[in-house]
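Remarks on the overall topology
Here is what each chain is made of, one letter per residue.
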Amino acid sequence: DTGVSQDPRHKITKRGQNVTFRCDPISEHNRLYWYRQTLGQGPEFLTYFQNEAQLEKSRLLSDRFSAERPKGSFSTLEIQRTEQGDSAMYLCASSFSGASYEQYFGPGTRLTVT
Amino acid sequence: AQTVTQSQPEMSVQEAETVTLSCTYDTSENNYYLFWYKQPPSRQMILVIRQEAYKQQNATENRFSVNFQKAAKSFSLKISDSQLGDTAMYFCAFMKPSLTGTASKLTFGTGTRLQVTL
């Protein structure tokens, strides 16, 4: 297994455009998490899924953000009408809902909104 | 809501020496997990060590060990025999298990940047 992968690795977009990121978790992992990390800060939780069900969304998550995991495998995170404040690293992690509690992180997608 | 505080933005240690990174947290929960994650420059985050709150024994993983003080809500990381490859951002993180006792979201501190020098 190659671990958690994210695509694209970098995205530059103009303010007001929509962007979509993809995350492919480790194949046997049924939980998938999205985090956002801004410069000098720790990752901040956005949302997470168990299989295709979205179990929790952060109250900080704007209505412009939406995430899906339609078949319980890969997930997409869409940001509509991007703003400069959306510039950040978007991290995906996956885990198995067993006893280990370890989350495995992907390399992240760095978004720059100009 | 839980909060995690790392009061040392940057630290430096010489190769082969020992360094301790501090972390405090605030929670009203009794059952939770604490983690230290390492984020090397331009590389993905990896788990260093994990501590279950119900365990009194401090976790150890090779050169990495923790000092878990539940009453004080303190969770420090000790790195022994520091190596150049330990240079990274280190994040302390808190997890409250879900209602079914399974994994849930992580709450991270702001991180400590560790530089290992020759």
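Our subject is the structure listed above.
Residues numbered from 1 in each chain as written. Chains lettered and ligands numbered in written order. Predicted model: local features only at pLDDT ≥ 70, side-chain atom pairs only at ≥ 80, totals over all residues. Heavy atoms only, no water.

1. Looking at the layout of surface pockets
Regions of empty space are outlined by a rolling probe, equal in size to a water molecule, passed over the atoms. Quantified by volume, the largest pocket comes out at close to 770 Å³. Taken together, 28 residues form the lining of the largest pocket, with Phe45 of chain A together with Ala1, Gln2, Lys105 and Thr107 of chain B sitting closest to its centre. Every element with two or more residues in the lining of the largest pocket is listed here: β5 (44-50) and β6 (53-57) of chain A together with β1 (3-5) and β11 (107-108) of chain B. Taken together, the residues of the lining of the largest pocket sort by class into 12 nonpolar, 10 polar and 6 charged. Size it by volume and the second largest pocket reaches roughly 610 Å³. Lining the second largest pocket are 31 residues, and of these Gln37, Met89 and Arg110 of chain A together with Gln39 and Ser42 of chain B lie nearest its centre. Breaking the lining of the second largest pocket down by element, the ones donating at least two residues are β9 (88-95) and β11 (109-113) of chain A together with β10 (88-95) and β12 (112-117) of chain B. Among the residues making up the lining of the second largest pocket, the classes are represented as 13 nonpolar, 14 polar and 4 charged. (1 Å grid on protein atoms, 1.4 Å probe; cavity = no way out; pocket = protein on both sides within 12 Å on 5 of 7 lines; lining within 4 Å. Points joined across faces, edges and corners; volume = space filled by probe spheres on them. Helix = DSSP H or I, 4+ residues; strand = E, 2+ residues; numbered from the N terminus. Nonpolar A, V, L, I, M, F, W, Y, C, P; charged D, E, K, R; others polar.)

2. Concerning the sheet that holds strand β7 (residues 65-68) of chain A
Residues and elements named next belong to chain A. The 4 strands lie next to each other as β1-β3-β8-β7, forming an open sheet whose pairing is antiparallel. Each edge of the open sheet is held by one strand with a lone partner, namely β1 (5-7) and β7. Strand-to-strand twist across the sheet, computed as the mean angle between neighbouring axes with direction ignored, equals 15°. Where strand β3 (residues 19-24) lies against strand β8 (residues 75-79), 5 bridges are found, and the strand directions are antiparallel. (Pairing = 2+ DSSP bridges. Axes fitted to C-alpha atoms, helices over the stretch in contact; angles between N-to-C directions.)

3. Details of the pattern of salt bridges
Residue and element names in this part refer to chain A. Counted according to the given criterion, the structure contains 10 salt bridges over all chains. Notably, a salt bridge pairs Glu44 with Arg36, separated by 3.3 Å at the nearest N-O pair. By relative accessible area, which is 28% here, Glu44 ends up partly exposed. Residue Arg36 is classed as buried on the basis of its relative accessible area of 15%. (Salt bridge = Lys/Arg side-chain N within 4 Å of Asp/Glu carboxyl O. Buried < 20%, exposed > 50% of the residue type's maximum accessible area, 1.4 Å probe, protein only.)

4. Details of the side chain of Ser104 of chain B
Mapping Ser104 of chain B onto the fold places it in the loop between β10 and β11. Those residues in contact with Ser104 of chain B, other than ones at most four positions away along the chain, are Arg31, Tyr33, Tyr48, Glu56 and Gln103 of chain A together with Met95, Lys96, Pro97 and Ser98 of chain B. (Contact = heavy atoms within 4.5 Å.)

5. A closer look at the interface of chain B and chain A
On the side of chain A, 22 residues touch chain B, which itself brings 22 residues to the contact. Interface area for chain B against chain A, summed over the two sides, is near 1800 Å², with a carbon-plus-sulfur share of 53%. Among the residues chain B hides against chain A, the three largest losses belong to Gln44, Ala103 and Lys105 of chain B. Together they make up 27% of the total. At the boundary of chain B and chain A, one finds 1 salt bridge. Here Lys105 of chain B makes a salt bridge to Glu56 of chain A, at a shortest N to O gap of 2.6 Å. Linking chain B with chain A are 7 residue pairs in polar contact (both at pLDDT 80 or more). Among the secondary structure elements, those contributing two or more residues to the side of chain B that touches chain A are β5 (33-39), β6 (46-52) and β10 of chain B. Ranked by residue count, the leading element in the side of chain B that touches chain A is β5 of chain B, at 4 residues. A per-class count over the side of chain B that touches chain A returns 11 nonpolar, 9 polar and 2 charged. (Buried area = accessible area lost by both parts, 1.4 Å probe. Polar contact = N/O pair within 3.5 Å; in protein donor to acceptor, adjacent residues only side chain to side chain.)

Fair warning: the whole summary comes from geometry, so function is off the table for now.
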